[in-house]
Amino acid sequence: MVSDTFMQDVQIQASLFEPITLAQMDGVKLMDRMDVKYLIPLALLSDILREAQPYYKILEIENNRLCNYKTLYYDTDDLALYKAHQNGLLNRYKVRARNYVESSLSFFEIKYKNNKGRTKKTRIRQPEITDFLEESSADFLQKTTQNIIPESLKGILWVNYQRITLVSKVGPERLTIDLNLTFEFEEQQKVYAAMVIAEVKQEKLGQSPFIDLMRKYRLKQGGISKYCFGIISLYHQIKQNKFKKHLRRVSKILAHHDHLATTNLTTSY
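Below you will find a few notes about this structure.

Reading guide: rules and limits
- Residues numbered from 1 in each chain as written.
- Predicted model: local features only at pLDDT ≥ 70, side-chain atom pairs only at ≥ 80, totals over all residues.
- Heavy atoms only, no water.
- Buried < 20%, exposed > 50% of the residue type's maximum accessible area, 1.4 Å probe, protein only.
- Helix = DSSP H or I, 4+ residues; strand = E, 2+ residues; numbered from the N terminus.
- Patch = residues over 30% accessible without salt bridge, like charges linked within 9 Å, V, L, I, M, F, W, Y side chains within 5 Å.
- Areas by Shrake-Rupley, 256 points an atom, 1.4 Å probe, with all protein chains shown as cover.
- Salt bridge = Lys/Arg side-chain N within 4 Å of Asp/Glu carboxyl O.
- Lys, Arg positive; Asp, Glu negative; His and termini not counted.
- Charge placed at Lys NZ, Arg CZ, Asp CG, Glu CD.
- Phe/Tyr/Trp six-rings, centres within 6.5 Å; stacked < 30°, edge-to-face > 60°.
- Axes fitted to C-alpha atoms, helices over the stretch in contact; angles between N-to-C directions.
- Parallel < 35°, antiparallel > 145°, perpendicular 65-115°, else oblique.
- Left-handed = near helix turned anticlockwise from the far one by under 90°.
- Contact = heavy atoms within 4.5 Å.
- Pairing = 2+ DSSP bridges.
- Core = buried A, V, L, I, M, F, W, Y, C linked by side-chain atoms within 4.5 Å.
- Polar contact = N/O pair within 3.5 Å; in protein donor to acceptor, adjacent residues only side chain to side chain.

## Brief notes about helix α2 (residues 42–52)
Then, in step 1: Of all 11 residues making up α2, 8 are buried, and the element is well covered by its neighbours.
Then, in step 2: Those residues of α2 not exposed but buried are L42, A43, L44, L45, S46, I48, L49 and A52.

The following block contains the structure:
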């Protein structure tokens, strides 16, 4: 498959970065931060990584530089947390359990976005991911949030992907690049192999070599949360007016990838 060829190119470029360990990343956890997302055609990613190498180190865990993440998002039966995003509420939560596969770590995590655009993440260790909140997770949720009843939540969406994590050599900046995005629930599955979601994370948004690269490649800021993207990908009956512009951008990115892939095939023969 053409996407396999592009993934091989990405792996080659990832292998050329200077590595950094989890312990060395302690200074850039950025649990309270500003962030900006980009959607990138997979066919462009190896070129972007090659240009980013002088400015970033790459997280390496157990000799892996593309690390696997498995995440279960929780919501109510009527998807109240999703609807808070759809309705544009400024102070909103996402609740999830995440398994960092290569690290053999699982966490229960709460992400809160306030009306000033800051994202704050809090979490606790847990032994495994469960469909409903365990007692420790339920207690943590009650202490951390307002007006969310732990017993009302259940797992409603799996979001799985491979992640490249880059750390700036010169400042407090972390960059995540998510590939092979897969949404699953019960018998449904949707895979976006041709699109990459990148997110720049800083204490305060400022100078960034990666943002400069996005401008060079004419890729605009703006993306959709993976949780909301997954909901509208699998729950077709749900209201999604707020995200129509994001879906149009996804379509453009996928078309851009297909064009680049076709051009690549044509020029290879």
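## Side note on a positive patch on the surface
Then, in step 1: On the surface, K220, K242, K244, K245, R248 and K252 cluster together into a patch of positive charge.
Then, in step 2: Mapped onto the secondary structure, K242 falls in the loop between α6 (226–234) and α7 (244–267).

## Let's talk about the pattern of salt bridges
Opposite charge on two side chains lets them pair, provided their charged atoms get close.
Then, in step 1: Considering all chains together, one arrives at 12 salt bridges under this definition.
Then, in step 2: Ionic contacts of the salt-bridge type, sharing partners, join the residues E18, K57 and K169 into one network.

## With respect to the packing of aromatic side chains
Then, in step 1: According to the stated counting rule, one finds 13 aromatic pairs in the structure shown.
Then, in step 2: Ring centres of Y69 and Y161 lie 5.5 Å apart, and the angle between their planes is 20°; this geometry places the pair in the stacked category. Of this pair, Y69 sits in strand β4 (residues 67–75) while Y161 sits in strand β8 (residues 154–168), placing them 92 residues apart in sequence. Note on accessibility: Y69 and Y161 belong to one class, buried.
Then, in step 3: Ring centres of Y192 and F229 lie 4.6 Å apart, and the angle between their planes is 40°; this geometry places the pair in the tilted category.

## Re the packing of α2 against helix α5 (residues 209–216)
Then, in step 1: Interaxial distance between α2 and α5 falls to 10 Å at its minimum, and their mutual angle equals 135°. On the basis of their axis angle, the class for α2 and α5 is oblique. Read as a crossing pair, α2 and α5 show a hand that is right-handed. Residue-level inspection shows I48, E51 and A52 of α2 in contact with α5, the latter providing F210, L213, M214 and K216.

## Examining the side chain of E109
Then, in step 1: By the secondary structure assignment, E109 is in strand β6 (residues 105–113).
Then, in step 2: The buried category is assigned to E109, whose relative accessible area is 0%.
Then, in step 3: The contacts of E109, once residues within four sequence positions are left out, are K94, V95, R96, R98, Y100, K121, T122 and R123.

## Comments concerning the pairing of strand β9 (residues 173–185)
Then, in step 1: With 11 of 13 residues buried, β9 is to be regarded as a mostly interior element.
Then, in step 2: Pairing of β8 with β9, which is carried by 9 bridges, proceeds in the antiparallel orientation. What sits directly across from L166, in β9, is L175.
Then, in step 3: The hairpin turn running from β8 into β9, its antiparallel successor, is 4 residues long.
Then, in step 4: Connecting β9 to the antiparallel partner strand β10 (residues 188–192) that follows it, the hairpin turn spans 2 residues, and E186 within it adopts a positive phi of roughly 50°.

## Some words on the nonpolar core
Looking at soluble globular proteins, one finds that nonpolar side chains tend to be buried together.
Then, in step 1: Of all hydrophobic cores here, the largest spans 68 residues; its most connected members are I40, I177 and F210.
Then, in step 2: Residues in contact with I40, not counting those within four places in the same chain, are I48, A194, M195, V196, A198, F210, M214, L219 and I253.

## Some details on α5
Then, in step 1: By the burial criterion, the buried members of α5 are P209, F210, I211, L213 and M214.
Then, in step 2: Put simply, S208 is the residue that caps the front of α5, since its side-chain oxygen is 3.2 Å from the backbone nitrogen of F210.
Then, in step 3: Downstream of α5 by one or two residues, R218 has phi in the positive range, about 60°.

## Re unusual backbone geometry
Among all residues save glycine, negative phi is the norm, and among peptide bonds the norm is trans.
Then, in step 1: Unusually for a residue other than glycine, N180 sits at a positive phi of about 50°.
Then, in step 2: Looking at the element boundaries, N180 is found in strand β9.
Then, in step 3: Among the residues examined, N180 registers a relative accessible area of 23% and is labelled partly exposed.
Then, in step 4: With a phi angle near 50°, E186 is a residue other than glycine that sits in the positive phi range.
Then, in step 5: One can find E186 in the loop between β9 and β10.
Then, in step 6: By relative accessible area, E186 is classed as exposed at 71%.

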